[in-house]
Amino acid sequence: MGSHRQSALSKSIRSALFRDPNDFKRTTTGHIQVLFSLYYIELLRYADILFQRLRNNVWQIDENEYLACFEAANRVKSMGDLGFSGSTFFSTSNSKFLIKSLPRHFEHSFFRRDLLQPYYTHMCTNPDSLLVWITDYVFAPYVTIGSLLRTTPVHHIIMENTLCGKNDDPAKDQWETYDLKPVDYFYPERDLVPDPLLNEKTMEKLGDRFDDKIRLSPEDYTDLIRTMRIDTKFLQESNAVDYSLFLVRYPATSTPGVVGRKNRWRVGVPSADGQWKYRAVLLDFFWARHKLHAQAMTGVVQTFNIIGRQGPMTITTTPEEYREKFLEMAEAIVEVDEPNPEEV
C-alpha cells in the first residue's frame, strides 16, 4: 500500500474515533466537497453506543486506554498485506487492535443489517464467547472517487488482536498461528474466482493445517468444546458459513498481556504437557448464505462442481452442515490428557 494512501486512511480512521457521529449532518455541499477525494475520506462510527457498551460493560476495556491506541498520527500502521477478499489490514502500533476493511457489499451489509444486534446480544449473554471482539465499526457517509475506484475502502471493523503481547515477548519467534477451516471443503470463492489483487504468497496462507494436537486437560477440553458449540450454534442460526478458528500457541513460559476482560482463551490456556499456551478465537463470520452474492454464486459453483468434481463447497453448504464439519475439525485436533504432576 502506498505511503500516501496509508497515511490518509490512517488519518480517516483516527478522526472517526474522535468525532461524535451525532454532530455529523449530511448535506449536498458536504458531498460535493469530498466527492473528488482519492485517498482521504471522512469516516463515522456506526452504532457507537452499542459498541461502547460492549467495550466497557462486557469486555471491560478501559475507554481511555482504547482511545489512546489511536491518538497519535503514527498509531495506526499498515500490516502490508491483503486478505483473501481484498481487505486491507492495519494495526495499532502497540498491536492491541487491528483494523480490517470490508470491501465486499454482501459482507458489510450482512454484518450491519443482520448480524450486529444478535452479535451484541450473544456477547452480552456469553461474555466468555470465542467470537472475536469487534470493538468498533466505521464507514463513509459519502461516496467519493476513491471509493468508486476502490483505492480507499469505506467500511472498516476494529477488533482485538489475538497476538497482543507477542512483540514484547522475548520468545516471540516461537509463536505459531493457524487459521483453520474444515479441510474437506473446496473454497470456490478462492479457487474458482480469486481476486486478481491477491499475490501467490497470500493465496498460500489460506487454509492452514495444524499437524499436531492441542493437548488439554479434561476440564479445558470440556470448556473449549462447550463454548465452541454455543458460538457455532449462534452462527448457524444467523445463517453464517465459512468462518474459521484462529489458533495461536506460544511457549508456556511466556506471559504476554491482553486488553480487557481476562478470558482464559484470550489470556492463554496451558497445555496439559506444560509445553505451550493456547489462544483461540472464531473469525470471519461475514459470509451469509441468504445474501445475494452467495445465492448467485451457488448456481455457478454447482455447475462447476458437476464438471470439475471438486467436492463439497463452502458456498453451497448449509449453515448446519458447515457447523457440523467445523466442530468435527475442532474435536479432531484436540487431545485430552492429564497434566504431568511434575510440570504443574
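Residues numbered from 1 in each chain as written. Predicted model: local features only at pLDDT ≥ 70, side-chain atom pairs only at ≥ 80, totals over all residues. Heavy atoms only, no water.

A. Local environment of the overall build of the protein. A tally of helices and strands in the protein yields twelve helices and 14 strands. Expressed as a percentage of the 344 residues in the protein, the buried residues total 52%. If you take every contact in the protein between residues at least 6 apart in sequence, the share linking residues at least 24 apart comes to 77%. Looking at the protein as shown, the accessible area adds up to about 16,200 Å², and 50% of this sits on carbon and sulfur atoms. (Helix = DSSP H or I, 4+ residues; strand = E, 2+ residues; numbered from the N terminus. Buried < 20%, exposed > 50% of the residue type's maximum accessible area, 1.4 Å probe, protein only. Contact = heavy atoms within 4.5 Å. Areas by Shrake-Rupley, 256 points an atom, 1.4 Å probe, with all protein chains shown as cover.)

B. Highlighting the sheet that holds strand S12 (residues 276–283). Here four strands make up an open sheet; going across it, the order is S7-S10-S12-S11 and the pairing antiparallel. If you trace the sheet from one side to the other, it starts and ends with strand S7 (176–180) and strand S11 (269–270), each paired once. Here S11 runs beside S12; their pairing, made up of two bridges, is antiparallel. Residue pairing in the sheet places Val269 in a bridge with Tyr278 of S12. Relative to strand S10 (residues 244–251), helix H12 (residues 319–332) is tilted by about 15°, and along the sheet it contacts S7, S10 and S12. (Pairing = 2+ DSSP bridges. Axes fitted to C-alpha atoms, helices over the stretch in contact; angles between N-to-C directions.)

C. Spotlight on the packing of aromatic side chains. Tallying each qualifying case throughout the model produces 17 aromatic pairs. A ring pair is formed by Phe106 and Trp287, whose centres lie 4.9 Å apart and whose planes are at 75°; its orientation type is edge-to-face. Here the residue Phe106 occupies a position in helix H5 (residues 105–125), and Trp287 occupies one in strand S13 (residues 287–288), the gap between them amounting to 181 residues. Each ring, one from Phe285 and one from Phe286, has its centre 5.4 Å from the other, and the planes form 50°; the classification is tilted. Using a relative accessible area of 4% as the deciding quantity, one classes Phe286 as buried. Taken together through their ring pairs, the aromatic side chains of Tyr46, Phe111, Tyr119, Tyr137, Phe139, Phe285 and Phe286 make up a single cluster. (Phe/Tyr/Trp six-rings, centres within 6.5 Å; stacked < 30°, edge-to-face > 60°.)

D. Here's a closer look at unusual backbone geometry. The phi dihedral of Asp242 falls on the positive side, at around 75°, and the residue is not glycine. Mapped onto the elements of the fold, Asp242 is located in the loop between strand S9 (240–241) and S10. We classify Asp242 as buried; its relative accessible area is 8%. Within the chain, Asp284 stands out as a residue other than glycine whose phi angle is a positive 55°. Given the relative accessible area of 29%, Asp284 is considered partly exposed.

E. Molecular detail of the side chain of Lys277. Locating Lys277 in the fold gives a position in strand S12. Look at Lys277: it is buried, it has no salt bridge, and the nearest opposite charge is Asp169 at 8.8 Å. At 2.8 Å, the side chain of Lys277 and the backbone oxygen of Ser254 are in polar contact. With sequence-adjacent residues up to four places away left out, Lys277 is seen in contact with Val248, Arg249, Tyr250, Pro251, Ala252, Ser254, Thr255, Gly268, Val269 and Pro270. (Lys, Arg positive; Asp, Glu negative; His and termini not counted. Salt bridge = Lys/Arg side-chain N within 4 Å of Asp/Glu carboxyl O. Polar contact = N/O pair within 3.5 Å; in protein donor to acceptor, adjacent residues only side chain to side chain.)

F. Structural view of the pairing of S10. Counting buried positions along S10 yields eight of eight residues, so the element is predominantly enclosed. Relative to S10, S7 runs antiparallel, the two sharing five bridges. Note on S10: the bridge partner recorded for Asp179 is Phe246. Pairing analysis gives eight bridges linking S10 to S12, with the strands arranged antiparallel. Looking at the pairing, Tyr250 lines up with Lys277 of S12.

G. Fine view of helix H9 (residues 218–237). Along its 20 residues, H9 runs 29 Å from first to last C-alpha, staying within 8% of the 28 Å computed at 1.5 Å per residue. Taken together, the buried positions of H9 are Asp220, Leu224, Ile225, Thr227, Met228, Asp231, Thr232, Phe234, Leu235 and Gln236. One or two steps after H9, the chain reaches Asn239, where phi turns positive at roughly 75°. (Expected span 1.5 Å × (residues − 1).)

H. Representation of the environment of Asp128 within the structure. With respect to the element layout, Asp128 can be found in the loop between H5 and strand S5 (134–139). Overall, Asp128 belongs to the partly exposed group, its relative accessible area being 43%. Separated by 70 residues in sequence, Asp128 and Val58 place their C-alpha atoms 9.4 Å apart. Setting aside residues no more than four positions away along its own chain, Asp128 makes contact with Thr227, Arg261 and Asn263. A polar side-chain atom of Asp128 sits 3.2 Å from a polar atom in the side chain of Arg261.

I. Expanded view of empty space enclosed by the protein. Taken as a whole and assessed by the stated rule, the structure comprises one cavity of 30 Å³ or more. Its volume calculated, the largest cavity comes out at about 100 Å³. Every residue along the wall of the largest cavity is listed here: Ile61, Lys96, Phe97, Trp133, Glu160, Asn161, Thr162, Cys164, Val258, Val259, Arg266 and Arg279. Classifying every residue of the lining of the largest cavity by side-chain character gives six nonpolar, two polar and four charged. For the lining of the largest cavity, the domains that each give at least three residues are domain 1 (1–161) and domain 2 (168–336). (1 Å grid on protein atoms, 1.4 Å probe; cavity = no way out; pocket = protein on both sides within 12 Å on 5 of 7 lines; lining within 4 Å. Points joined across faces, edges and corners; volume = space filled by probe spheres on them. Nonpolar A, V, L, I, M, F, W, Y, C, P; charged D, E, K, R; others polar. Domains from an automatic or database assignment.)

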